[in-house]
Amino acid sequence: MTTTLRPTEPLQRTADGSCSRHYAVCVNSRPVGRLHLATHPVFGPSVAQVLDLRVDEPDRGRGRGTVAALAAEEVARSWNCRRIEASVPAHQHELLRLATALGYVERNRTMAKALPERPPVLPEGAAGRRMTEAEFAPWLARVKERYARTVRERGATEQEAVRKAERDHAALLPEGVATPDVLVGVLEQDGEAVGTLWVAQRADGAYVYDVEVDPAHRGRGHGRSLMLLAEADALAAGATRIGLNVFAGNTPAQRLYASLGYEPTALHLYKQLL
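Computed from a predicted structure; not experimentally measured. (Residues numbered from 1 in each chain as written. Predicted model: local features only at pLDDT ≥ 70, side-chain atom pairs only at ≥ 80, totals over all residues. Heavy atoms only, no water.)

### Let's talk about unusual backbone geometry
Stage number 1. Backbone geometry places S29, a non-glycine residue, at a positive phi of 75 degrees.
Stage number 2. Relative to the helices and strands, S29 resides in the loop between β3 (19-27) and β4 (30-40).
Stage number 3. Positive phi, close to 70 degrees, is recorded for N80, a residue that is not glycine.
Stage number 4. For N80, a relative accessible area of 63% gives the class exposed. (Helix = DSSP H or I, 4+ residues; strand = E, 2+ residues; numbered from the N terminus. Buried < 20%, exposed > 50% of the residue type's maximum accessible area, 1.4 Å probe, protein only.)

And the structure:
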């Protein structure tokens, strides 16, 4: 039996070169699943995304998904894509094993936890406060530079990365440190600033955008204190859940979040197309 992809719509192409197309996964012309492939809305036509890949229950476990995923790579190559990305829900272990077997590598993961009923207690001598206007400008410059660096590492040009960093931070922090439903805070230990925190309230709960311990104060548990401060702020705002993103190579952060009760919700993977 032969597994193939059959387009179910014309190729959708926008003025900026972005592509998108839905396919039926077929076995001898019989539909057994579906695939949605598109180029990345941020990183442009050189990066493809598998937005959906599903095989119907009766046809699972027969290699249909593997063949469909490989066929998606060939389509992406025909679109002149150099990389392909996919997000896998953390509980879909079979899909994750498939992606790993095909050479996909984890870039980052999202994690979340249900918040406790009572706010956590900070360690003795630790206290949080809102960042001042004087502190905000240099902090924002550091955050945007780190963000732009991660965008460049995913294939964007320097100009594209800087533009995206400016655009995204302007949208997320339109009123700076006074942006509603946002805490840009400072953690102090015995009156000395040791770290910074950016947490926002969203429709699906609180989200930690950035946590940073000052290099001179690392290795002393302040990262944990910052996360407890984030949870306390989220609870005060009425949130019942809090989430974050962590990159695959940041093992200390992953261990910290796991020790605090955060669990992976999705893994975001990529593969270079040769």
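### Some thoughts on the packing of helix α3 (residues 133-153) against helix α4 (residues 158-172)
Stage number 1. Viewed as axis vectors pointing N to C, α3 and α4 meet at an angle of 130 degrees, and their least axial separation amounts to 8 Å. The angle between α3 and α4 places the two elements in the oblique class. The handedness of the crossing between α3 and α4 is right-handed. Mapping the contact onto sequence places L140, V143, K144, Y147, A148, V151 and R152 in α3 and E158, A161, V162, K164, A165, E166, D168 and H169 in α4.
Stage number 2. Taken together, the residues of the contact of α3 with α4 break down into eight nonpolar, one polar and six charged. (Axes fitted to C-alpha atoms, helices over the stretch in contact; angles between N-to-C directions. Parallel < 35°, antiparallel > 145°, perpendicular 65-115°, else oblique. Left-handed = near helix turned anticlockwise from the far one by under 90°. Contact = heavy atoms within 4.5 Å. Nonpolar A, V, L, I, M, F, W, Y, C, P; charged D, E, K, R; others polar.)

### Structural notes on α3
Stage number 1. Helix length check: α3 (21 residues) gives 31 Å between terminal C-alpha atoms against 30 Å at 1.5 Å per residue, within 8%.
Stage number 2. Restricting attention to buried positions, one finds in α3 the residues F136, W139, L140, V143, K144, A148 and V151.
Stage number 3. In the stretch just after α3, G155 is the one whose phi turns positive, near 105 degrees. (Expected span 1.5 Å × (residues − 1).)

### Considering the pairing of strand β7 (residues 105-114)
Stage number 1. Across the ten residues of β7, seven count as buried, placing the element largely inside the fold.
Stage number 2. Pairing analysis gives seven bridges linking β7 to strand β13 (residues 263-272), with the strands arranged antiparallel. Across the sheet, V105 pairs through a bridge with Y270, a residue of β13.
Stage number 3. Inspection of the sheet shows β7 paired to strand β12 (residues 241-247) by seven bridges, in the antiparallel sense. Opposite M111, over in β12, you have L244 as the bridge partner. (Pairing = 2+ DSSP bridges.)

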